[in-house]
Amino acid sequence: MRQYSIPSIYSSPNSDNTIKEFPLGGLGGFLQSKIDNLNKPKGSLGRLESLALQIGLIQQTLSPKLTHPCHILFGGDHGIEREGVSFSPREVTWQQMINYGKGGGGVNMFCRQHGFKLLVVDAGVDYDFPAEKYPHIIQRKVGYGTRNFLHEAAMSEDEFDRCLAIGAEMVDKCHDEGCNIICFGEMGIGNTSPSSVIMHLFLDIPLNECVGAGSGLPSDGVKHKYEVLKASVDNYLATLPKNHDAAYTIRYFFGFEMACAVGGMLRAAELGMIILVDGFIMSACMLAASRLNKNVMDYAIFGHCGDEGGHKLMLDAMNAKPLLHLDMRLGEGTGALCAYPIVQSAVNMINEMDNFAHAEITKYF
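I will try to describe carefully the structure that is included in this document. (Residues numbered from 1 in each chain as written. Predicted model: local features only at pLDDT ≥ 70, side-chain atom pairs only at ≥ 80, totals over all residues. Heavy atoms only, no water.)

1. What about the overall build of the protein?
Right, on to step 1. The helix and strand inventory of the protein stands at 14 helices and six strands.
Right, on to step 2. Its C-alpha atoms give the protein a radius of gyration of 21 Å, near enough to 21 Å, the size a compact globule of 365 residues would have.
Right, on to step 3. With respect to the three principal axes, the spread of C-alpha positions in the protein is 70 × 45 × 40 Å.
Right, on to step 4. Put simply, of all contacts in the protein between residues at least 6 apart along the chain, 74% involve residues at least 24 apart. (Helix = DSSP H or I, 4+ residues; strand = E, 2+ residues; numbered from the N terminus. Rg over C-alpha atoms; globule rule 2.2 N^0.38 Å. Contact = heavy atoms within 4.5 Å.)

Okay, here's the thing in structure tokens:
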């Protein structure tokens, strides 16, 4: 697995990189001064002010801008789905992938509304998409779904590396077209299960608090899901190599579409891009990415807190502050897309609001 060169945007991040303060000197100081001197009470625009500061630090400028926003949606199936851990049937993955080409998905609507270019990538769907029939699907299939992590690792080291490379390739494609803000989505029935397990293992949160209803499991279904995931974790721990690392844990449980998103997030941070993070699954992907390079979190803006049971616990443990809480749990990246106008407002604020001196308004603080 290749190493990622991702600088921190902060002058003195904490050793665990979970709680940081913006630098008071250098560019951070100039940005803060510019924000404080806009013709408004200091701090009165709240989260918009901290967003503008973060974005300015990411882009290393006093006048940040957003260009050619892109949304990359990866599709893949999961071996663990065979254990009955999802309310939705497996075929919904490929059916939705086709539907995106017709423009009928939630992700299509929000991409159109907010001016995002949408890329739909088959990373590992258990279905063939002939290119001549489905030209909207980018063909990068690593396999026809992962293996069942109840019994074995979901993917091999080589497959994991291929996924990371695919994610990076797609981000490079967007970046080459002028994109500097990006978000990721997923389509993969069963992918709340690996998200719950990774949350449990990386954040040390009790597994029962990490497992939710996914796409709509009833209470007995959630109980069954927990039992399957508990057995999976027990089997994983019983066979865990002594020299294992975070990458081993990620590939043991993740889906191909999730591993691609991890690779995309790491590459986007490497390129100095803003990363809008979606709900439960994409937050788990950002958590995984941060275990491969902790500085990736500096580039992340968490779009929303979803309605999946463990998402708020995950965000709190990551010290992530989501912009929205709309009780959403669709996935596909829709929550991140909904948050985009708030990011736009932060950038417009720092660029378009006048300051006290130029507007000839008495500065009273």
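Moving on from the model shown.
2. Regarding the pairing of strand β5 (residues 274-277)
Right, on to step 1. Burial along β5 is two-sided: Ile-274 and Leu-276 and Ile-275 and Val-277, pointing in opposite directions, are all buried.
Right, on to step 2. The sheet contact formed by strand β4 (residues 181-187) and β5 spans three bridges and is parallel. Directly across from Ile-181, in β5, lies its bridge partner Ile-274.
Right, on to step 3. Where the polypeptide runs from β5 across helix α11 (residues 280-292) and back to strand β6 (residues 300-302), its parallel neighbour, the crossover connection is right-handed. (Buried < 20%, exposed > 50% of the residue type's maximum accessible area, 1.4 Å probe, protein only. Pairing = 2+ DSSP bridges. Right-handed = clockwise from strand over helix to strand, strands pointing away.)

3. A few points about the packing of aromatic side chains
Right, on to step 1. All chains considered together, the criterion is met by eleven aromatic pairs.
Right, on to step 2. Ring centres of Tyr-236 and Tyr-252 lie 5.0 Å apart, and the angle between their planes is 65°; on these two criteria the pair is classed as edge-to-face. On the criterion of sequence distance, the pair formed by Tyr-236 in helix α8 (residues 219-238) and Tyr-252 in helix α9 (residues 246-253) is long-range, its members being 16 residues apart.
Right, on to step 3. With centroids separated by 4.9 Å and ring planes inclined at 55°, the aromatic side chains of Tyr-252 and Phe-253 adopt a geometry described as tilted.
Right, on to step 4. In this structure Tyr-252 comes out as buried when scored by relative accessible area, which is 4%. (Phe/Tyr/Trp six-rings, centres within 6.5 Å; stacked < 30°, edge-to-face > 60°.)

4. Observations regarding the sheet that holds β4
Right, on to step 1. Strand order in the open sheet made by the six strands is β3-β2-β1-β4-β5-β6, with parallel pairing throughout. Of all the strands in the sheet, the pair left with one neighbour each is β3 (137-139) and β6. Strand-to-strand, the axes of this sheet are offset by a mean angle of 30°, without reference to chain direction.
Right, on to step 2. Relative to β6, β5 runs parallel, the two being bridged by three bridges. Bridge pairing in β6 places Val-277 opposite Phe-302.
Right, on to step 3. Against the sheet, helix α10 (residues 256-270) touches β1 (70-76), β2 (117-124), β4 and β5, its axis set at about 175° to β4. (Axes fitted to C-alpha atoms, helices over the stretch in contact; angles between N-to-C directions.)

5. Notes on the nonpolar core
Right, on to step 1. Ranked by size, the top nonpolar core spans 110 residues in total, and within it Ile-72, Ile-182, Phe-184, Ile-275 and Met-286 carry the most contacts.
Right, on to step 2. When near neighbours in sequence (up to four residues on either side) are disregarded, Met-286 contacts Met-265, Ile-275, Val-277, Val-296, Met-297, Ala-300, Phe-302 and Met-318.
Right, on to step 3. Among the nonpolar cores identified, the runner-up in size contains 16 residues, and Ile-80, Ala-153, Tyr-236 and Phe-253 belong to it. (Core = buried A, V, L, I, M, F, W, Y, C linked by side-chain atoms within 4.5 Å.)

6. A word on the environment of Phe-74
Right, on to step 1. On the secondary structure map, Phe-74 appears in strand β1.
Right, on to step 2. Contacts of Phe-74, omitting those with residues within four sequence positions, involve Val-121, Ile-166, Gly-167, Met-170, Phe-184, Gly-185, Glu-186, Met-187, Glu-257, Cys-260 and Ala-261.

7. Observations regarding helix α4 (residues 106-114)
Spacing of three or four residues puts side chains on the same side of an α-helix, whose turn is 3.6 residues.
Right, on to step 1. Of all the positions in α4, only Val-107, Asn-108, Phe-110, Cys-111 and His-114 are classed as buried.
Right, on to step 2. Backbone geometry just after α4 places Gly-115 at a positive phi near 75°.

8. A word on α9
Right, on to step 1. Across the eight residues that make up α9, a large majority, eight, are buried.
Right, on to step 2. Lining the buried residues of α9 we find α5 (157-176), α6 (192-203), α8 and α11.

9. A word on the side chain of Lys-40
Right, on to step 1. In this structure, Lys-40 sits in the loop between α1 (26-36) and α2 (47-59).
Right, on to step 2. Separated by 2.9 Å, the side chains of Lys-40 and Glu-49 make a polar contact. (Polar contact = N/O pair within 3.5 Å; in protein donor to acceptor, adjacent residues only side chain to side chain.)

10. Some thoughts on the environment of Val-107
Right, on to step 1. Position of Val-107 relative to the elements: it lies in helix α4.
Right, on to step 2. Under the relative-accessibility criterion, Val-107 is labelled buried at 0%.
Right, on to step 3. Separated by 231 residues in sequence, Val-107 and Cys-338 place their C-alpha atoms 9.9 Å apart.
Right, on to step 4. For Val-107, the contacting residues outside a window of four places in its chain are His-71, Leu-73, Tyr-100, Leu-118, Glu-332, Thr-334 and Leu-337.

11. Describing the packing of α2 against helix α13 (residues 334-352)
In a pair of packed helices, the angle between the axes and the distance between the axes together describe the arrangement.
Right, on to step 1. One can describe the packing of α2 onto α13 by two numbers: an axis separation of 8 Å at closest approach and a directional angle of 80°. On the basis of the axis angle, α2 is roughly perpendicular to α13. In this structure, α2 contributes Leu-48, Glu-49, Leu-51, Ala-52 and Ile-55 to the contact, and α13 contributes Ile-342, Val-343, Ser-345, Ala-346, Val-347, Met-349 and Ile-350. (Parallel < 35°, antiparallel > 145°, perpendicular 65-115°, else oblique.)

12. Regarding the pattern of salt bridges
Right, on to step 1. Scanning the model with the defined rule gives 16 salt bridges in all.
Right, on to step 2. Across the salt bridge formed by Arg-82 and Asp-126, the nearest N and O atoms sit 3.5 Å from each other. In this pair, Arg-82 sits in the loop between β1 and α3 (92-101) while Asp-126 sits in the loop between β2 and β3, placing the two residues 44 residues apart along the sequence.
Right, on to step 3. Residue Arg-82 is classed as exposed on the basis of its relative accessible area of 55%.
Right, on to step 4. We classify Asp-126 as partly exposed; its relative accessible area is 28%.
Right, on to step 5. Notably, a salt bridge pairs Lys-223 with Glu-227, separated by 2.6 Å at the nearest N-O pair. Of this pair, Lys-223 and Glu-227 both sit in helix α8, four residues apart, which is roughly one turn of that helix.
Right, on to step 6. A relative accessible area of 52% places Lys-223 in the exposed class.
Right, on to step 7. We classify Glu-227 as partly exposed; its relative accessible area is 40%.
Right, on to step 8. What emerges from the salt-bridge pattern is a single network uniting Arg-2, Asp-172, Arg-267 and Glu-270. (Salt bridge = Lys/Arg side-chain N within 4 Å of Asp/Glu carboxyl O.)

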